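Spelled out, the chains give:
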Amino acid sequence: MGQTRLRRPPAPADAERARSVAARGGEAALVGTGGPEPVVPLVHHVHADGSAVVLLPDESPVLEAIRTSDRGEIPVMLELTDRAPVELREPVRALLWISGWLRIPDAISARRAAMQVADVAPHPRLLDLGHGATLVKLTPSSAVLADAEGTAALAPVDLAAARPDPFCRMEDHWLSHLEEAHPEVFDALARHLPAPLRCTMGARVRPLGVDRCGLRLRVETPEGDHDVRLAWPQEATTAEELRVQLGLLVGCPFRQVGGGAHDRVDEAVDEA
């Protein structure tokens, strides 16, 4: 007798999700530097292949460790923490660890790297380079992603071949606005939840993430938290397609309810 497997909703590939975490920026820390605590950089920026630019205070012990190492570089892990767009009981929704070698480039290369970062992700602390701060570069060897979809090991070539999700930079603002201004949308989406969650007293449906494949919800119940992915009827890659797919997921009946949740979808996308 064959086994029945539950079909999981489609989701972006592992490398795509990892690229999205890196693109959003999030919180960063250098782990495994030899100190008792992780080192939080002034600025960090991760490139497509997982290589990273990190700005540290001149007094950081990491810089001394690099300068006194035999190879002029030290092995480290850059940890990126991806948090939910709204205040949740358990706010961390993904972790990305990039392992590699950290070194200090020459002054000209450091300035060039800082200018490249400023072009795509301006940060005022980049002006501190050479004035109390030193730039270091991480050459990646591997990466590991952990999120609600699972855990995946990735190589730099995997990251370089993928693209971040088209909504990864707008989702935080859009989802936080949607919950604050249009909570009735989540009431409508609750009908798609598994029956046990729909029937749980005190359950609260919260936004967790959005991507080209669908919407991720966090259901907070008195007994614990549950993450649910709702797939779009069709993949969305633009704001207009997102508007249409979310409207379909919310449900056509709301078109007839004096404005209703369906019209709130249009308003939410426009306002965000």
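The preceding data block contains the structure.
Residues numbered from 1 in each chain as written. Predicted model: local features only at pLDDT ≥ 70, side-chain atom pairs only at ≥ 80, totals over all residues. Heavy atoms only, no water.

Draft legend 1. Local environment of the overall build of the protein chain. Counting secondary structure elements, the protein chain contains nine helices and ten strands. Projected onto its principal axes, the C-alpha coordinates of the protein chain cover approximately 70 × 50 × 35 Å. The contacts in the protein chain between residues at least 6 apart in sequence include a share of 63% that link residues at least 24 apart. Element-wise, carbon and sulfur atoms account for 53% of the exposed surface of the protein chain, whose accessible area totals about 14,100 Å². Considering the protein chain, the positive charge centre built from 29 side chains and the negative charge centre built from 40 side chains are found 4 Å apart. (Helix = DSSP H or I, 4+ residues; strand = E, 2+ residues; numbered from the N terminus. Contact = heavy atoms within 4.5 Å. Areas by Shrake-Rupley, 256 points an atom, 1.4 Å probe, with all protein chains shown as cover. Lys, Arg positive; Asp, Glu negative; His and termini not counted. Charge placed at Lys NZ, Arg CZ, Asp CG, Glu CD.)

Draft legend 2. Molecular detail of helix 8 (residues 239–250). For helix 8, spanning twelve residues, the distance from its first C-alpha to its last is 16 Å, which sits close to the expected 16 Å at 1.5 Å a residue. Directly after helix 8, the chain includes G251, whose backbone phi takes a positive value near 120°. (Expected span 1.5 Å × (residues − 1).)

Draft legend 3. Representation of the nonpolar core in the model. Formed by 29 residues in total, the largest nonpolar core has its most connected members in L30, L56, L78, L80, L96 and L102. At the level of secondary structure, the elements contributing two or more residues to this core comprise helix 1 (14–24), strand 1 (27–31), strand 3 (52–57), helix 2 (61–68), strand 4 (73–83), strand 5 (92–103) and strand 6 (133–147). In this structure L78 touches A28, A29, L30, V46, A52, L96, W97, I98 and L138, once residues within four positions along its chain are discounted. (Core = buried A, V, L, I, M, F, W, Y, C linked by side-chain atoms within 4.5 Å. Buried < 20%, exposed > 50% of the residue type's maximum accessible area, 1.4 Å probe, protein only.)

Draft legend 4. Seen up close, the packing of aromatic side chains. Taken as a whole and assessed by the stated rule, the structure comprises zero aromatic pairs. When the ring centre of W101 is taken as reference, the NZ or CZ atom of R71 above it lies at 4.2 Å. (Phe/Tyr/Trp six-rings, centres within 6.5 Å; stacked < 30°, edge-to-face > 60°. Lys NZ or Arg CZ within 6 Å of the ring centre and 35° of its normal.)

Draft legend 5. Representation of the side chain of R206 in the model. As for its position among the elements, R206 is in strand 8 (residues 204–211). Here E179 takes part through its side chain, which lies 2.5 Å from a polar atom of the side chain of R206. When near neighbours in sequence (up to four residues on either side) are disregarded, R206 contacts V86, E87, L88, E179, R216, L217, R218 and E220. (Polar contact = N/O pair within 3.5 Å; in protein donor to acceptor, adjacent residues only side chain to side chain.)

Draft legend 6. View of the environment of V250. As for its position among the elements, V250 is in helix 8. Of the residues examined, V250 reaches a relative accessible area of 0% and is grouped as buried. Taking the C-alpha atoms as reference points, V250 and P91, 159 residues apart in sequence, are found 25 Å from one another.

Draft legend 7. Fine view of the pattern of salt bridges. In total, this model carries 20 salt bridges according to the counting rule given. In this structure, the salt-bridge partner of E149 is R229, at a minimum N-O distance of 2.8 Å. With E149 in the loop between strand 6 and strand 7 (150–154) and R229 in strand 10 (residues 224–231), this residue pair connects regions lying 80 residues apart in the sequence. A single burial state applies to E149 and to R229, both of which are buried. Each of R24, D82, R93, E171 and D172 takes part in one network of salt bridges that share partners. (Salt bridge = Lys/Arg side-chain N within 4 Å of Asp/Glu carboxyl O.)

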